[in-house]
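A structural walkthrough
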Amino acid sequence: MIDKNLINEVIKVGLSTGADFAEVFIERKKYSAINMLDNRVSNISDSLICGLGLRLYKGIESVYSSTSDLSRTSIIRTAEQTARMIKTKNLEVINPASLHERINLNINKIKTVPSSASNKEKLEILKTAYFAAKNYDSIISQVSGTFIDEDRTFWVANSNGLYTSDRQIRCRLMIESVASKNGENQTGGARPGARKGLELFTEDIDPVEVGKEASRIAKINVNSDYLKAGVMPVAIENGFGGVIFHESCGHSLEATSVAIGASQMAGKLGQKIANSKLTAIDDGTIANAWGSYNIDDEGRPAQKNVLIDKGILKSYMVDTLNARKMKCEPTGNARRESFYYEPTSRMTNTYIAPGNDEDKDIISSIEEGLYCAKMGGGSVNPVTGAFNFAVLEGYKIHHGEIGESVRGASLIGTGSQIIQDIDMVGKYMKFGQGMCGSSSGMVPANVGQPLVRVKKITVGGR
Amino acid sequence: MNFTSLKNKIDKICKKKGIEDYQISYSSSEDASCKISGHTVDSSTVNTDMSFTFSCISEGKRGVYVCNVFDDATLENMVAKAYENTQCIDSEEKFEIFEGSKEYKHLEDNNTPLEKVDKIIEKTKEIQEKNLAKDPRIQESSETSTFAVKSDYKIANSKGLFLEKVLRYEGLYSEVVAKDKEDVTVGVDFKIAPLDEIKNLKAVEKALNRQNATQLETGTYDVVFDTDCVRQILATFCPIFIGKNVYMGLSLLKAGKGEKIANKAVTLIDDPFETTSPVKIHFDTDGVATYCKEIIKDGIQENLVYNLSTAKKAGVTTTGNSSGSEVTFYSLYFKPGEKTKEELLEEVGRGIYISEMKGFHAGANAQTGDFSIDSEGFKIENGKLVQPVKGFTVSGNFYKLLRDIEAFSSDLEFSFPSGLTRFGSAEAYVRNMSIAGK
């Protein structure tokens, strides 16, 4: 997209004031969204956004500039301005290595590229899911639906001679249903997505089931009573239940917070930090998974990293800048939403690995507690590890059996405690899809786990 | 490419394709920032960004394309794709291109250059070092970030309307970590002001005051919400005041005005010209003149907010709150009361001061009004803040909360702007809140 000679020139200008490393990132991103509300197509928008980011390191200091103007003048001005931001007393200018192109193994094969499909093809998927949700039950008063697809190509080059690129395609269907009863609304949602083309919804996932699932949850919630708050054992179902590990522990294992000591997990490599039943993995190499890629945004191939092995902390997720600070190797986890952001360490497909417990044994082991069939989003403070998650679909457990449904519950605790309290791990792992926010913007992240038991946790309710 | 050349190019393409109704919304920005943790500059950044949104209308349907590439082939494709999008829409919402309001409020542009990176770094260091030196319990993992931003918004349309606004502001954010034995607490504060005017933040005091917190017993308490907590509650539930959500059944409010929906102490105002706002603007993205409006006055519903198309569907007049294809707020705030924070606490006598609430996107549902939020705070005894407390959830429902707010203090503060939106409130006194603790 930009001439290789110009990239070379930008790297040279970048290094001209004493930086010891320069990296150019060029991005072209097409995005499309179709929305439905009130049984009608309410909005269709497309976008094409391009830009360049330049990052320079001097030791462990990083400076970053970006521009959406890809004219030669603007790019060179950006390089000069970034170079001026490097502060150094002993000016020693290094020569960059010459650029050698690398072609990467493609693990995310696409059959039908969504950005080249027609609105009609995408609308067929969206409308099928939408009306399946709307017609599920007369209690469903409103449905909103969105189909999104993204086609992102980037090129990354650096002063070590790397020159490579990746094309990352994803699509996602999101249905939100509202059930109304006696002047009160409750909601339910389903949001599957993958690094796939339209075949995701023509071959793998039936859009009808997506719509029905959203309305099923909304109907259950509007017919449920509030849960009384308290401390109790909890069984968390597979799939998006993995959000708890992602938020409460995964973020604390990102070098972004570990490198500056702002993480409860800093300095604990090799130590037992979790229940020995717990093994946790971040794996960006799973073909076509929502959080996968061929290379990260620094051009390093995606990796499978075992984070916790039977309770022992084995690895952090590390980008190149934090690798300098932590004196370790990067792990292929550097990500950013777009050229506007400096990349940093982020999760990909992060999950609690399957264990040996049977699901029925996990449920029957709980005398009085909560079964979380579907989890919602959550938040965490990585410094203290304190978290809070919504339970989207929950049921009481009485005498080892799943009972009546409850609404409005949330799980509250700390990361370091919950990973010690997960004391039963089921066999059937499943992923759920989400968008993860951090200092380098929003990126698609998969969360996963089998059914697990937390022996004791605070459950918020009424 | 400058805006006039872009507009001329698009005019030509639209004319050739027979597209009569269209609009270009253009935004460009420059920003600079610095983040320091411990004593080291973690990163400093400078970004220049530009994009424009082309929207065209055919038989009341609107197709949209967002772009930042200017070559002829891309612009031709952009216009064709936006028009193609109009052909697939079957919404009853009818869009139109607006010829302009009779009058727009005159606002001065702050067109001075962006603050220099060196000054931004210097200011970040100054505040970070002050924070670290204040108390031995303050940890090196504490962070300070400073930023400066300058944005230019322009819209032009096929009816000859042209409007422009330049915004520029800077600010500083500190997150301080305090540790005493194994007790780790965090305090956060920010200030939006010219860098020279930023002297001190309260992040250190907030982190230290939270040390040695104890558990709170489950029960029903009279509470005072910190301004930050009320702002977060308002930010979560403000969609219920959007007219479209009301007619789509996504809000439990009813259309129109005159219904009592809150206690008399509650007046909620949406003001695009709020005096302290760094993001004042005199037009919305439809090109309609913005104005100040009361959403709730003395507990009575006065206005919902609309853009041109949703107002038309609801049979009312737009309130100038258009933002792209959505409806937004400007400075949305609860009108403050007369009493100082100290006087309000004295009135409460005994209860809980809620200083921090976390996890609204997990524990709150904007469509139902329900919330159950992990919180921290202080016991109030004899009208004074005493023992810090943590690890409890505050539960309720926003619709009910509006009716239960007894009073606001005089201490009005605003949140960080997100785009052109920010939320404001003073401390709020609410009786009988349900709290789940130990």
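Predicted, not measured: the structure shown is a model, and the values here were computed from it. Each chain carries its own residue numbering, running from 1 in the written order of its sequence. Labels are handed out in written order, letters beginning with A for the chains and numbers beginning with 1 for the ligands. The predicted nature of this model means local features are confined to residues of pLDDT at least 70 and side-chain atom pairs, given and counted, to a pLDDT of 80 or more, with totals for whole chains, interfaces and linings taken over all residues.

Re the overall build of chain A
Each helix and strand counted, chain A has ten helices and 24 strands in total. Along the first, second and third principal axes, the C-alpha set of chain A runs to 70 × 55 × 35 Å. Any residue surrounded by 20 or more other C-beta atoms within 10 Å of its C-beta is treated as buried, while 12 or fewer makes it exposed and the intermediate range makes it partly exposed; C-beta atoms here are placed from the backbone. In chain A, buried positions account for 60% of the 462 residues. Contacts in chain A between residues at least 24 apart in sequence constitute 75% of all its contacts with a sequence separation of at least 6. By the criteria applied, helices consist of DSSP H or I runs no shorter than four residues and strands consist of E runs no shorter than two, each listed in order from the N terminus. We call two residues in contact if the C-beta atoms placed from their backbones are at most 7 Å apart.

Digging into the sheet that holds strand β16 (residues 349–352) of chain A
Residues and elements named next belong to chain A. With mixed pairing, the six strands of this open sheet are ordered in space as β13-β12-β11-β16-β23-β22. In this open sheet, the two edge strands, each paired with only one partner strand, are β13 (312–313) and β22 (430–438). For two strands to pair, DSSP has to find at least two bridges joining them. As defined by bridge partners, β22 adjoins strand β23 (residues 441–449) across nine bridges and the pair is classed as antiparallel. Residue pairing across strands places Q433 opposite N446, the latter belonging to β23.

Some words on the sheet that holds strand β14 (residues 331–334) of chain B
Residues and elements named next belong to chain B. One open sheet accounts for six strands, arranged β11-β10-β9-β14-β20-β19; its pairing is mixed. At either end of the open sheet lies a strand with only one pairing partner, and these are β11 (300–301) and β19 (413–414). Pairing geometry for strand β9 (residues 268–271) and β14, over four bridges, is antiparallel. Within β14, the position partnered with D270 by the bridge is L332. With axes taken as lines fitted to C-alpha atoms, and helix axes fitted only over the stretch in contact, angles between N-to-C directions fall between 0 and 180 degrees. Sitting on the sheet, helix α5 (residues 227–237) is in contact with β14, β19 and β20 (422–425), with an inclination near 130 degrees to β20.

Description of helix α1 (residues 3–17) of chain B
By this rule, a helix spans an expected 1.5 Å times one less than how many residues it contains. Taking 1.5 Å per residue, 15 residues should reach 21 Å; α1(B) reaches 21 Å between its end C-alpha atoms and fits that length. Positive backbone phi, approximately 75 degrees, marks B:G18, located one or two places after α1(B).

Notes on the interface of chain B and chain A
Listed per partner, the contact involves 57 residues of chain B and 59 residues of chain A. Of all the secondary structure elements, the ones that give two or more residues to the side of chain B that touches chain A are β2 (40–58), β3 (61–67), α2 (72–86), β6 (183–192), α9 (360–363), β16 (370–381), β17 (384–397) and β21 (428–436) of chain B. For the side of chain B that touches chain A, the element with the most residues is β2(B), which contributes eleven residues. All residues other than Ala, Val, Leu, Ile, Met, Phe, Trp, Tyr, Cys, Pro, Asp, Glu, Lys and Arg, Gly among them, are scored as polar; the first ten of these are nonpolar and the last four charged. Among the residues making up the side of chain B that touches chain A, the classes are represented as 19 nonpolar, 28 polar and ten charged. Alignment of strand β2 (residues 40–58) of chain A against β3(B), held across four bridges, turns out to be parallel. Looking at β3(B), one finds that A:D46 is bridged to B:Y65.

Some details on unusual backbone geometry
Keep in mind that most residues, glycine aside, have a negative phi and that most peptide bonds are trans. Even without a glycine there, the phi angle at A:N39 is positive, about 70 degrees. You can see A:N39 is positioned in the loop between β1 (21–37) and β2. Located in the positive-phi region is B:E59, a residue other than glycine, with phi close to 50 degrees. With respect to the helices and strands, B:E59 occurs in the loop between β2 and β3. Given 10 C-beta atoms within a 10 Å radius, B:E59 is considered exposed.

Quick notes on the confidence of the model for chain B
For residues with low pLDDT, the predicted coordinates do not support detailed interpretation. Values of pLDDT, which run from 0 to 100, indicate the predictor's confidence residue by residue. Here chain B averages 94 in pLDDT, and 100% of its residues register 70 or above. Here the prediction assigns the complex a pTM of 0.92, and the interface score ipTM is 0.91.

A look at the pairing of β20(B)
Moving residue by residue along a regular strand, the side chains alternate between the two faces of the sheet. All names here are of chain B. Here β20 shows no split at all, with R422 and G424 on one side and F423 and S425 on the other all buried. Pairing of β19 with β20, which is carried by two bridges, proceeds in the antiparallel orientation. Note on β20: the bridge partner recorded for E413 is S425.

Let's talk about the domain arrangement of chain B
Residues and elements named next belong to chain B. Boundaries between domains were set according to an automatic or database domain assignment. Splitting chain B by domain gives domain 1 (3–209) and domain 2 (214–436). At the interface, 25 residues of domain 1 touch 21 residues of domain 2. Elements that contribute at least two residues to the side of domain 1 that touches domain 2 include exactly β4 (143–157), β5 (162–180) and β6. Looking at the side of domain 1 that touches domain 2 element by element, the count peaks at four residues for β5. Grouping the constituent residues of the side of domain 1 that touches domain 2 by class yields twelve nonpolar, six polar and seven charged.

Things to note about the environment of A:K268
Residue and element names in this part refer to chain A. Mapped onto the elements of the fold, K268 is located in the loop between α7 (255–258) and β11 (280–283). According to the C-beta neighbour criterion, K268 is partly exposed, with 17 such atoms within 10 Å. In this structure the C-alpha to C-alpha distance between K268 and K314, which are 46 residues apart in sequence, comes to 9.0 Å. In contact with K268, other than residues within four places in its own chain, are I273 and L313.

Concerning the packing of helix α1 (residues 4–15) of chain A against helix α2 (residues 72–85) of chain A
Residue and element names in this part refer to chain A. Here α1 crosses α2 at 25 degrees, and the two axes come no closer than 8 Å. Between α1 and α2, the crossing angle belongs to the class labelled roughly parallel. Seen from above, α1 lies across α2 with right-handed handedness. Touching L6, V10, V13 and G14 of α1 are R72, I75, I76, A79, E80, T82 and A83, all from α2. Per-class residue counts for the contact of α1 with α2 are seven nonpolar, two polar and two charged. An angle below 35 degrees is read as roughly parallel, one above 145 as roughly antiparallel, one from 65 to 115 as roughly perpendicular, and any other as oblique. Crossing handedness: left-handed means the near helix sits turned counterclockwise from the far one by under a right angle, and right-handed means the same turn made clockwise.

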